[in-house]
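A look at the structure
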Amino acid sequence: MSGHGHGHGHGHSCGAEGEHEPAERGLEFGLYQRIDLDKLQCLNESRDGDGRLVFKPWDQRNLRDKYVESDVDEELLFNIPFTGSVKLKGIIISGENDDSHPAEIRLYKNIPQMSFDDTGREPDQAFRLNRDPLAELEYPTKIARFSSVHHLSIHISKNFGDENTRVYYIGLRGEYSEAHRHEVTICNYEAAANPADHKVDSIIPQTNFIS
């Protein structure tokens, strides 16, 4: 609790903005419209396809009819592809007001097809969460680190002690710009096809490093 005083000013300024400009706040959390929902993955969801249901309009954030629940344990992993480039500024995660609410999330940028095996790596940012059944708490990201995001992975690594985790709403705040798909493809290709790859292949045949 010693850090409470430090965050005092920030918490109140955010709250004031939300109260005075609810319509504007709803627009800021419009990045759900920029998600390629057909390609979104949620690993360890109890029902196929439920993971995409929690990315919904701001005015539906407190509806309880759509949610995702974890299956074999408390972890969930969302792989979220955007249709362009996103500057991610903040995130809200809302669940039930009990022990099934997420307690910790880890964010990773631009790692498509991420699996639970990949979550051992250092995240780009991690947050300890408070229970937030009304979707009121925003966690600000390090904008410089999340300024050019084409793909976002959200790993819910633990909840408050329940066997399973339930999420009703994930809100993403930020800015969006259209993708120049040809340029992105070229950049990715050049980054992958560098001379070092050929050296690795020649020294260690049959390496699975690339996969």
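The structure under discussion appears in the preceding block.
All of the points below concern the structure found in this document. (Residues numbered from 1 in each chain as written. Predicted model: local features only at pLDDT ≥ 70, side-chain atom pairs only at ≥ 80, totals over all residues. Heavy atoms only, no water.)

Before going further, it helps to examine the side chain of Asp 50. Turning to its location among the elements, Asp 50 is positioned in the loop between strand 1 (41-43) and strand 2 (68-69). Judged by its relative accessible area of 8%, Asp 50 falls in the buried class. Other than its neighbours up to four places away in sequence, Asp 50 contacts Glu 45, Tyr 67 and Val 68. (Helix = DSSP H or I, 4+ residues; strand = E, 2+ residues; numbered from the N terminus. Buried < 20%, exposed > 50% of the residue type's maximum accessible area, 1.4 Å probe, protein only. Contact = heavy atoms within 4.5 Å.)

Moving on: the environment of Leu 107. Within the secondary structure, Leu 107 is located in strand 4 (residues 102-109). The buried category is assigned to Leu 107, whose relative accessible area is 0%. Spatially, the C-alpha atoms of Leu 107 and His 155 are 6.4 Å apart, while their sequence positions differ by 48 residues. Excluding residues within four positions of it along the chain, Leu 107 makes contact with Ile 91, Pro 123, Asp 124, Gln 125, Phe 127, Thr 141, Phe 146, Leu 152, Ser 153 and Ile 154.

Bringing unusual backbone geometry into the picture now. Trans is the common state for peptide bonds, and a negative phi is the common state for residues other than glycine. If you check the backbone angles, Asn 110 has positive phi at about 55° while not being a glycine. Position of Asn 110 among the secondary structure elements: in the loop between strand 4 and strand 5 (125-128). On the basis of relative accessibility, which here comes to 33%, the residue Asn 110 falls in the partly exposed class. For Ala 135, which is not a glycine, the phi torsion comes out positive at approximately 55°.

Here we come to the nonpolar core. Grouped together as the largest cluster of nonpolar side chains are 28 residues, with contacts concentrated most on Phe 78, Ile 91, Leu 152, Ile 154, Ile 170 and Leu 172. With eight residues, strand 3 (residues 76-95) is the single largest residue contributor to this core. In this structure, Phe 29, Ile 92, Ala 135 and Tyr 169 belong to the second largest nonpolar core, which totals five residues. (Core = buried A, V, L, I, M, F, W, Y, C linked by side-chain atoms within 4.5 Å.)

What follows covers the packing of aromatic side chains. Under the definition given, this model contains five aromatic pairs. Geometrically, the ring pair formed by Phe 127 and Tyr 139 is tilted, given 5.6 Å between the ring centres and 50° between the ring planes. Remark: Tyr 139 occurs in strand 6 (residues 139-140) and Phe 127 occurs in strand 5; sequence separation between them is 12 residues. Judged by its relative accessible area of 10%, Phe 127 falls in the buried class. Three or more aromatic residues joined by ring pairs make a cluster, and in this case those are Phe 29, Trp 58 and Tyr 169. Its guanidinium or amino end placed over the ring of Tyr 168, Arg 64 lies 4.0 Å from that ring's centre, counting from NZ or CZ. (Phe/Tyr/Trp six-rings, centres within 6.5 Å; stacked < 30°, edge-to-face > 60°. Lys NZ or Arg CZ within 6 Å of the ring centre and 35° of its normal.)

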